[in-house]
Amino acid sequence: MTKKLILFTAAALTIASCKKKEEPKQEGPKPYPVVTVETQNVVGYNTFPASIQGRVNNDVRAKIQGYITQVLVDEGQYVTKGQPLFRLETNILNQTAAAAKASVSAAQSNIVAAQAAVKAAQVEVNKLRPLVEKNIISNIQLQTAQANLAKAQAQLQQAVAAREQASADYKGVEANIDYSVIRAPISGVIGKLPLKVGSLVGPSDQSALTTISDTSEIFAYFSMNEKEYFDFLEKAPGSSMSEKIKNLPMVELQLANGSIYPEKGKIETVTGSIDATTGTIQFRVEFKNPQKILSNGNSGTIRYPKRFDNVLVVPESATYEQQGIVYVYKVDKDTARNVVVNVIDRIDNLALIEKGVKKGDRIVAAGISGLKSGAAVKPQPVKMDSLVQSIKPKF
């Protein structure tokens, strides 16, 4: 009996010891980073895809038909207005010009002969008129002489007209010879040169010989949908569209590689109607291009600034959303309680708050996925800027 009692007691103690080990230990409040709500001046950007065009883009076309004998420029080359770009074959034109020049000379000779005939006819009339007046000869002879004078004068007019026509023909041929040298219509940068020496070109060609772009200034075109456009109208200061455009802030251009173009641009115009196909309205921004960095056909992104002054900010990592409602955990006496906040925007890892918290409130800044409202926390104060900077993406 004594042995049984000892074994029973030992077993009971063992079971009690195991149960004691299985009981979970009571843990204290978990540490969480906590920031103080503050106000800041924050600048964000609305972004819009943009297409870039030169200030002036001129297609270069041939005015006459002919074969290209010389290409005098290269793609990407800067040319000045009037600079020769192409030469066309002129053999036939030169022959035509020689013939036209000969026609002018022949017409001039005809004029000289016609003038002499008029002069002779006039002399005959002048000689016969006093004789008729004195009844020495009949009036028929004078009338015949006058008819001959009129005929000679008509022939002179025809000769003059023929010379003018020959001169016009000659000038036309000379113009065509001049057109055989195709010149730059504006100063700018040469685009693609699809046609080479030996290509037959003419004024009816659908494709241009090349395009010249004046890129001393460039235009960036971007579009807004109707909602964005009406929001823009409401927020832009001014009572008329011209005043609103005049008062708009300068905008930035983000290039295709992500860098920001050094020159800021000014919105100049807004199209007066909504595109029925896309449902958008187009804006035009002018940028200076002194270094010729931008080219016709580039793409980029317009960054339109939006400024918030003295706005409440919290780290974006401090917010979470349930059923469309945004919350943060407000810390009061080391207890975290969720509160509803109205977020008006999110910029650079900051949530901009309209209401729900006030300046000086302490909130849990990060790591809130497992946190419950009413839970005790161990606040670990951190600086807002250091926390936000630490979670910014690195590129």
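Preceding this paragraph is the structure being described.
So, a few notes on the structure that sits alongside this text. (Residues numbered from 1 in each chain as written. Predicted model: local features only at pLDDT ≥ 70, side-chain atom pairs only at ≥ 80, totals over all residues. Heavy atoms only, no water.)

## Description of unusual backbone geometry
You will see that N310, though not glycine, has its phi angle at about 50 degrees, which is positive. Its location among the elements puts N310 in strand β13 (residues 299-315). For Q323, which is not a glycine, the phi torsion comes out positive at approximately 50 degrees. Topologically, Q323 is positioned in the loop between β14 (319-322) and β15 (325-332). Residue class for Q323 comes out exposed when judged on its relative accessible area of 84%. (Helix = DSSP H or I, 4+ residues; strand = E, 2+ residues; numbered from the N terminus. Buried < 20%, exposed > 50% of the residue type's maximum accessible area, 1.4 Å probe, protein only.)

## Observations concerning the packing of aromatic side chains
In this structure the tally under the stated criterion is 10 aromatic pairs. Summarising the aromatic geometry, the rings of F219 and Y221 are spaced 6.4 Å apart at their centres and angled 80 degrees between planes, so their arrangement reads as edge-to-face. The exposure class of F219 is buried, given its relative accessible area of 10%. An angle of 70 degrees between the planes, with centres 6.3 Å apart, marks the rings of Y229 and F283 as edge-to-face. Remark: F283 occurs in strand β12 (residues 280-288) and Y229 occurs in helix α4 (residues 226-235); sequence separation between them is 54 residues. By the ring-pair criterion, three or more aromatic residues cluster together here, those being F48, F222, Y229, F230, F232 and F283. Positioned over the ring face of F219 is R284, at 4.4 Å from the centre of the ring. (Phe/Tyr/Trp six-rings, centres within 6.5 Å; stacked < 30°, edge-to-face > 60°. Lys NZ or Arg CZ within 6 Å of the ring centre and 35° of its normal.)

## Regarding the nonpolar core
Formed by 26 residues in total, the largest nonpolar core has its most connected members in F222, F232, F283, F287 and I302. Those residues within four positions of F222 in sequence are excluded, and the remaining contacts are F48, P49, A50, I267, I281, Q282, F283, V285 and I302. In terms of nonpolar packing, the next biggest core, distinct from the first, is built from 23 residues, V42, V326, A351 and V357 among them. (Core = buried A, V, L, I, M, F, W, Y, C linked by side-chain atoms within 4.5 Å. Contact = heavy atoms within 4.5 Å.)

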